[in-house]
Structures are given as C-alpha cells and as structure tokens.
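Read off the chains here:
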Amino acid sequence: MKKTLLAVAALCALTSGAAMAQQQDGKWQVRVRAVNVDLKSAGSNGLSVKDKTIPELDISYYFTPNFAAELILTYPQKHDVRLKGVGKIGTVKELPPTLLAQYHFTNFGAFKPYVGAGINYTRFSSVKLDVPGAKIKNNSWGGALQVGFDYALDKNWSINFDVKKVYMDTKETGLGLGKVKLDPLLVGVGVGYRF
C-alpha cells in the first residue's frame with residue numbers, strides 16, 4: 001500500500017505543471033481500477049472470506065461540476081470461505097454493484113478530491129461449502145461510503161485513488177453461526193477518462 005501511495009504522489013508531482021492548465025468539464029467519466037478487497041468476518045463466529053485484488057469499472061455522470069452519481073461494476077468474484085480452527089471450507093462468488101452520490105471539490109486545480117455515499121447490492125452465487133447442509137443467504141443490501149481523488153493529467157485523462165467501505169452481510173445456516181458481517185474495505189488505484 002505504501003508503494004502505491006508513493007507512486008501516485010510521484011506521478012502527481014511530475015505532471016503538476018501540465019495538469020494545472022487543464023480543465024476537465026465533461027458530463028461523463030469512466031474509470032478502471034485495480035481494487036484490493038479486504039473482507040472482515042463478524043469476529044466471534046469465526047467465518048471469514050479471503051481477501052483478494054479485483055478489477056473494477058465505474059461510470060460517473062456529473063449533474064453539476066460538484067455533484068455526480070457513480071455506478072461501480074465488476075464481474076462475479078470467487079472467494080475462499082474459511083472457518084476459524086478448520087481452514088478453508090469452500091468457495092462463494094459475489095457480485096457487488098454499488099451506486100453512489102458524490103460531492104466533488106473543485107477549488108484545488110488538478111487535484112480533485114471527492115466524497116460519496118450510497119447503496120450496495122451483493123448477490124452471492126455458486127456457493128460450494130464442504131459442510132453438509134451449510135448454506136448462505138443469496139443477497140445483501142447495505143450502505144456504502146467513499147473518499148478519493150482524481151488528479152488531472154490533461155483535459156480528459158486522470159489518475160485515481162479511491163477508498164470505499166461497503167456494508168454487507170449474509171445469513172449462514174447449517175453451521176449455527178447465524179448472521180455474518182463481511183463489511184469490506186476497498187482500496188483502489190486506476191485511471192479515468194472524462195468526456
């Protein structure tokens with residue numbers, strides 16, 4: 001993570017002169033990110049899902065220079081499911097589209113920070129658990145929070161750093177664990193194109 005932050009800072013410093021002269025004002029923005037998904041279990045119940053790095057695509061529409069909506073997409077991601085004291089007990093796929101309302105700060109030249117809040121829907125599928133009778137609920141609704149920034153490289157292109165907290169849970173049956181909170185922290189870096 002430290003290396004990623006240093007690389008972003010170095011790129012910002014190298015391009016600051018050219019980027020300051022550029023104004024990005026298109027209504028649409030598309031970003032591609034590499035995102036580390038840090039998934040947490042509910043703690044005492046001992047069920048967890050292994051972290052991984054995934055590709056992410058998001059599409060933003062700017063209603064004004066300050067207010068935008070962002071739809072975050074990926075393809076179904078396969079995760080290992082682990083039980084404390086036992087190890088891996090199976091796999092599950094999850095698809096977590098998220099819709100966020102964002103406020104973009106516009107007073108910082110090429111540096112364009114933003115905050116966002118919205119809703120996440122997660123669909124769990126292809127559940128394969130090695131414990132007879134063990135199942136998990138198929139879907140989850142929850143909130144999502146976001147903070148990040150774009151750094152303009154020219155009129156259209158930017159680099160992006162983004163952190164999201166997504167509130168997600170599911171209900172397990174068969175192991176006696178009940179509700180399982182996953183609540184992943186997603187940290188991403190990528191590039192954006194505004195038009």
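Now for a quick tour of the structure.

About the thresholds
- Think of each chain on its own: its residues are numbered from 1, step by step along the sequence as written.
- pLDDT decides what is reported in this predicted model: residues at 70 or higher carry local features, side-chain atom pairs at 80 or more are listed and counted, and totals for whole chains, interfaces and linings draw on all residues regardless.
- Heavy atoms from the whole structure form the basis of all side-chain values; hydrogens and water molecules are not counted.
- Put simply, DSSP H or I for four residues or longer makes a helix, DSSP E for two residues or longer makes a strand, and each gets a number counted from the N terminus.
- Residues count as neighbours in contact if any of their non-hydrogen atoms are within 4.5 Å of one another.
- For this analysis, a polar contact is any N or O atom pair within 3.5 Å, provided that within protein one partner can donate a hydrogen and the other can accept it, and provided that sequence-adjacent residues contribute only side-chain to side-chain pairs.
- Here the term cavity refers to a set of points on a 1 Å grid, laid over the protein atoms alone, in which a 1.4 Å probe fits but cannot get out; the term pocket refers to an open set having protein on both sides within 12 Å along at least five of seven lines, with lining residues being those that place an atom within 4 Å of a point.
- Grid points are joined across faces, edges and corners, and a volume is the space filled by probe spheres set on the points.
- Just so you know the grouping, Ala, Val, Leu, Ile, Met, Phe, Trp, Tyr, Cys and Pro go in nonpolar, Asp, Glu, Lys and Arg go in charged, and all remaining residues, Gly too, go in polar.
- When the centres of two rings from Phe, Tyr and Trp lie within 6.5 Å, Trp using its six-membered ring, the rings pair. Their planes under 30 degrees apart give stacked, over 60 give edge-to-face, and anything left gives tilted.
- When a residue's accessible area, from a 1.4 Å probe over protein chains only, is under 20% of the maximum for its type it is buried; when over 50% it is exposed; and in between it is partly exposed.

### Focus on the environment of threonine 106
And then number 1: Within the fold, threonine 106 resides in the loop between strand S7 (98-104) and strand S8 (111-129).
And then number 2: For the pair formed by threonine 106 and proline 65, sequence separation is 41 residues and the distance between their alpha carbons is 7.4 Å.
And then number 3: When sequence neighbours within four positions are dropped, the list of residues in contact with threonine 106 reads Pro65 and Asn66.
And then number 4: A distance of 3.5 Å separates the side chain of threonine 106 from the side chain of asparagine 107, its partner in a polar contact.

### Re the layout of surface pockets
And then number 1: Computed from the structure, the largest pocket encloses a volume of approximately 280 Å³.
And then number 2: Tallied by class, the residues present in the lining of the largest pocket amount to six nonpolar, nine polar and five charged.

### Focus on the packing of aromatic side chains
And then number 1: Taken as a whole, this structure holds ten aromatic pairs when the rule is applied.
And then number 2: When the ring of phenylalanine 67 is compared with that of tyrosine 103, the centres are 5.1 Å apart and the planes differ by 70 degrees; the resulting orientation is edge-to-face. Here phenylalanine 67 is found in strand S4 (residues 67-73), whereas its partner tyrosine 103 is found in strand S7, with 36 residues between them in sequence.
And then number 3: For tyrosine 103, a relative accessible area of 30% puts it in the partly exposed group.
And then number 4: Judged by centre distance (5.0 Å) and plane angle (80 degrees), the rings of tyrosine 103 and phenylalanine 105 are edge-to-face.
And then number 5: On the accessibility criterion, phenylalanine 105 (34% relative accessible area) is partly exposed.

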